[in-house]
Amino acid sequence: MDGTLSVAEDPLSAARALLQPGEDLVWAERPHPAVLARAKLPQVIRGVLGLAVIAGFLWLSFIPHWPGGLGGLLLALLLAAAVLYCLWLLAAPLVARRAAAQTVYAVTDRRVLICEAWPFRRVASFTAAELDAPQVVPGEGGRGAVVFVNRKKPWWWRSAGGSYQMEVFFGIAEAERVGELIAELKADALEAQSIRGNGR
């Protein structure tokens, strides 16, 4: 397998293309577009607040006393970059809605996968040892979310994106069952580790 995601395939076929030799696929599905878009609401709020702060600074400080020369040019470039970043945050729900059709979630007998093909190609793989206890969040229309990584980031890894690393399956049917599959994967790994430890 070449480890690439073909968005034209159904979720099961796309996930099977990412399997390692001897690995078995347990479950695979795509996120629901509307649910994935709603999950980006925090980014929209940050974008709105960012634009409000930029507008406030411009109105109260920069426009009346805009520096000339190179300083003014650098300030304009900095503000333009900040505005573009805020606009990208505002567009997050639209991007997520389109990305849902090109995203696959999967659980195998070894790991949990998030495979994205748009707007950036990303294959995130989490072994059983990297998983936290899954948390199931009920949703509308029988579709929920499963949080399987939720931990505080080290101080040097934090950014405007938040202080926590969260990995989530958004907008999936049978979220309870998927949460149980992830819990079983983690439990089996812990049991195997315990057996290896006792055999020493």
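Just so it is clear, the model here is predicted, and its values are computed rather than measured. By convention here, each chain's residues receive numbers from 1 onward along its written sequence. This being a predicted model, a pLDDT of at least 70 is required before a residue's local features are given, and a value of 80 or more before pairs of side-chain atoms are given or counted; all residues contribute to the totals for chains, interfaces and linings. Hydrogens and water molecules were not included; the side-chain quantities draw on all heavy atoms of the structure.

**Brief notes about the sheet that holds strand E5 (residues 135-137)**
Here is step 1 of the chain: Whether two strands pair depends on DSSP finding at least two bridges between them. Every helix listed is a DSSP run of H or I at least four residues long, and every strand listed is a run of E at least two residues long, numbered separately from the N terminus. Pairing is antiparallel in the open sheet, where three strands are placed in the order E5-E6-E7. At either end of the open sheet lies a strand with only one pairing partner, and these are E5 and strand E7 (164-173). Recorded for the sheet is a direction-independent mean angle of 25° between the axes of neighbouring strands.
Here is step 2 of the chain: Bridge count between strand E6 (residues 143-152) and E7: eight bridges; the pairing is antiparallel. By the bridge assignment for E7, Asn150 is matched with Met166.
Here is step 3 of the chain: What makes two residues a contact is simply this: any of their non-hydrogen atoms within 4.5 Å. Helix axes are fitted only over the stretch in contact, all axes being lines through C-alpha atoms; the angle between N-to-C directions runs from 0 to 180 degrees. Contacting E5, E6 and E7, helix H6 (residues 175-198) runs over the sheet at an angle of about 35° to E6.

**Description of the nonpolar core**
Here is step 1 of the chain: Among the nonpolar cores identified, the biggest contains 22 residues, and Trp27, Val112, Phe148, Phe169, Ile172, Val178 and Ile182 are the most heavily contacted of them.
Here is step 2 of the chain: If you tally residues by element for this core, the top one is H6, at five residues.
Here is step 3 of the chain: Setting aside residues up to four positions removed in sequence, Trp27 forms contacts with Tyr105, Ala106, Val107, Phe169, Ile172, Arg177, Val178 and Leu181. As used here, the term nonpolar core means buried Ala, Val, Leu, Ile, Met, Phe, Trp, Tyr and Cys residues forming a set that is joined through side-chain atoms within 4.5 Å. Each residue is assigned to one of three classes by its accessible area relative to the maximum for its type, calculated with a 1.4 Å probe on protein chains only: buried under 20%, partly exposed between the two thresholds, exposed over 50%.

**Focus on a nonpolar patch on the surface**
Here is step 1 of the chain: Within the patch definition used here, like charges are joined within 9 Å and nonpolar side chains (Val, Leu, Ile, Met, Phe, Trp, Tyr) within 5 Å, considering only residues with over 30% relative accessible area and no salt bridge. Per-residue accessibility takes into account occlusion by the displayed protein chains alone, with areas from the Shrake-Rupley method and a 1.4 Å probe. Any Lys or Arg side-chain nitrogen found within 4 Å of a carboxyl oxygen on Asp or Glu counts as a salt bridge. Nonpolar side chains collect at one region of the surface, where Leu70, Leu73, Leu74 and Leu77 lie side by side and expose about 420 Å² of accessible area between them.
Here is step 2 of the chain: For Leu73, the position within the fold is in helix H4 (residues 69-90).

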